[in-house]
Amino acid sequence: MIASALPTSGPSVLAASGLAKTYLSGAQRLQVLRDVSLQVPAGESVSIRGESGSGKSTLINLLAGLDAPDAGRLLWLGQPADADRRAEFLGIVFQSFYLIPEMDALANVLMAARIRGAVGAEQRRRAADLLARVGLGERATHLPAQLSGGERQRVAVARALMNAPKLVLADEPTGNLDERTGDAVIELLLGLCRETGTALVLVTHNAAHAAKCARQLTLHDGTLR
Ligand SMILES: Nc1ncnc2c1ncn2[C@@H]1O[C@H](COP(=O)(O)OP(=O)(O)OP(=O)(O)O)[C@@H](O)[C@H]1O
Ligand SMILES: [Mg+2]
């Protein structure tokens, strides 16, 4: 059984307001985000589309607290975003999986718990349950190199949910997968988030995947609409 965290009332899971980000490279100034605001209530799914280079990954990195905005405010559950809370607050799924090559599927899922603190029998059981839930119960001892692309991304989905986060950020999670495999990964991601009351921000180029989210947004000219 995967512990469920049903949506509760209270502060938004994610509240970003007025986020701005400019990159400097040499003499060039590139303002990627001008004024981005986004509120995500508990358990909601939101898709973000936008042209290549429009700043989607930049935004995901800001929302994850992996990079700092030049201006604006970011709250996680009503409190200022703080790297010390990241591992318990959110899970991230990237386009290129980012699994640790030397570790098998189970150890990769457990990494999320390891970052947060101790790994014991309870965490091992949960990691194994999550692997089974994404259809990889028989692949727990496979290294990433011994998994297909879709299987690797399913491991990454299990890892993202390992700490029962309030929010999952996914940056083109199907970008390296064929269409059918990508569809299956999205179904799994949306289904698991729904089942556990986890909010989801999904960056995607795929209109059909975006349409499966409760709310659809587009990033254009540095703002989100
Ligand atoms: N570290 C950096 N330094 C300078 N410019 C950067 C940096 N990171 C990204 N950029 C530029 O910022 C813009 C937005 O990049 P970003 O990766 O956020 O786009 P994206 O919307 O995710 O695109 P894609 O759909 O191709 O993934 C691009 O023009 C990119 O060249
Ligand atoms: Mg990107």
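Residues numbered from 1 in each chain as written. Chains lettered and ligands numbered in written order. Predicted model: local features only at pLDDT ≥ 70, side-chain atom pairs only at ≥ 80, totals over all residues. Heavy atoms only, no water.

*Asks:* How should the site of ligand 1 be read in this particular structure?
*Replies:* Looking at ligand 1, there are 13 residues lining it, with Ser-52, Gly-53, Lys-56, Ser-57 and Thr-58 nearest. A distance of 2.8 Å separates an oxygen atom of ligand 1 from a polar backbone atom of Gly-53. In the model, an oxygen atom of ligand 1 is placed 3.3 Å from a nitrogen or oxygen of the Glu-172 side chain. The fraction of the free accessible surface of ligand 1 (640 Å²) that becomes covered by protein chains is 60%. (Near = heavy atom within 4 Å. Polar contact = N/O pair within 3.5 Å; in protein donor to acceptor, adjacent residues only side chain to side chain. Areas by Shrake-Rupley, 256 points an atom, 1.4 Å probe, with all protein chains shown as cover.)

*Asks:* For this particular structure, what's the right way to read the environment of Val-93?
*Replies:* Mapped onto the secondary structure, Val-93 falls in strand S6 (residues 90-93). A relative accessible area of 0% places Val-93 in the buried class. When near neighbours in sequence (up to four residues on either side) are disregarded, Val-93 contacts Gln-153, Ala-156, Val-157, Ala-160, Val-168, Leu-169, Ala-170, Asp-171 and Pro-173. (Helix = DSSP H or I, 4+ residues; strand = E, 2+ residues; numbered from the N terminus. Buried < 20%, exposed > 50% of the residue type's maximum accessible area, 1.4 Å probe, protein only. Contact = heavy atoms within 4.5 Å.)

*Asks:* Sorry, what's going on with helix H5 (residues 149-161) here?
*Replies:* Between its first and last C-alpha atoms H5 spans 19 Å; for 13 residues at 1.5 Å apiece the expected length is 18 Å, and the two agree. For H5, a buried count of ten out of 13 residues is recorded, marking the element as mostly surrounded by other parts of the structure. Among all positions in H5, only Gly-150, Glu-151, Gln-153, Val-155, Ala-156, Val-157, Ala-158, Arg-159, Ala-160 and Leu-161 are buried. (Expected span 1.5 Å × (residues − 1).)

*Asks:* What is the right way to read the pairing of strand S1 (residues 14-25) from this model?
*Replies:* Successive residues of a regular strand alternate their side chains across the two faces of the sheet. Bridge count between S1 and strand S2 (residues 28-40): nine bridges; the pairing is antiparallel. Directly across from Leu-24, in S2, lies its bridge partner Arg-29. Between S1 and S2, which follow one another and run antiparallel, lie two residues, and Gly-26 among them has a positive phi close to 65°. The pairing of S1 with strand S4 (residues 71-76) spans five bridges and is antiparallel. Of the residues in S4, the one forming a bridge with Ser-17 is Arg-73. (Pairing = 2+ DSSP bridges.)

*Asks:* Would you mind going over unusual backbone geometry with me for this structure?
*Replies:* With glycine set apart, most residues show a phi of negative sign, and most peptide bonds adopt trans. A positive phi is found at Leu-77, a non-glycine position, where the angle reads about 50°. What makes Leu-77 partly exposed here is its relative accessible area of 32%. One non-glycine residue, Glu-172, lies in the positive phi region at around 45°. With respect to the secondary-structure elements, Glu-172 resides in the loop between strand S7 (167-171) and helix H6 (179-196).

*Asks:* Please clarify how the side chain of Gln-153 should be interpreted in this entry.
*Replies:* Examined against the element boundaries, Gln-153 turns out to sit in helix H5. What makes Gln-153 buried here is its relative accessible area of 0%. Apart from the residues within four sequence positions on either side, Gln-153 is in contact with Val-93, Phe-94, Gln-95, Phe-97, Pro-173, Leu-177 and Val-185.

*Asks:* Would you take a moment to explain the pattern of salt bridges for this structure?
*Replies:* Close approach of charged atoms allows side chains of opposite charge to pair. Considering all chains together, one arrives at six salt bridges under this definition. One salt bridge connects Glu-44 with Arg-215, and the closest N-O pair in it is separated by 3.0 Å. One end of the pair, Glu-44, is in the loop between S2 and strand S3 (45-49); the other, Arg-215, is in strand S9 (residues 215-220), with 171 residues separating them in the sequence. Classification of Arg-215 as partly exposed rests on a relative accessible area of 27%. In this structure, Arg-116 engages Glu-88 in a salt bridge whose closest nitrogen and oxygen atoms are separated by 3.9 Å. Of this pair, Arg-116 sits in helix H3 (residues 105-116) while Glu-88 is found in helix H2 (residues 83-89), placing the two residues 28 residues apart along the sequence. (Salt bridge = Lys/Arg side-chain N within 4 Å of Asp/Glu carboxyl O.)

Read these as layout, nothing more, since geometry by itself doesn't imply function.
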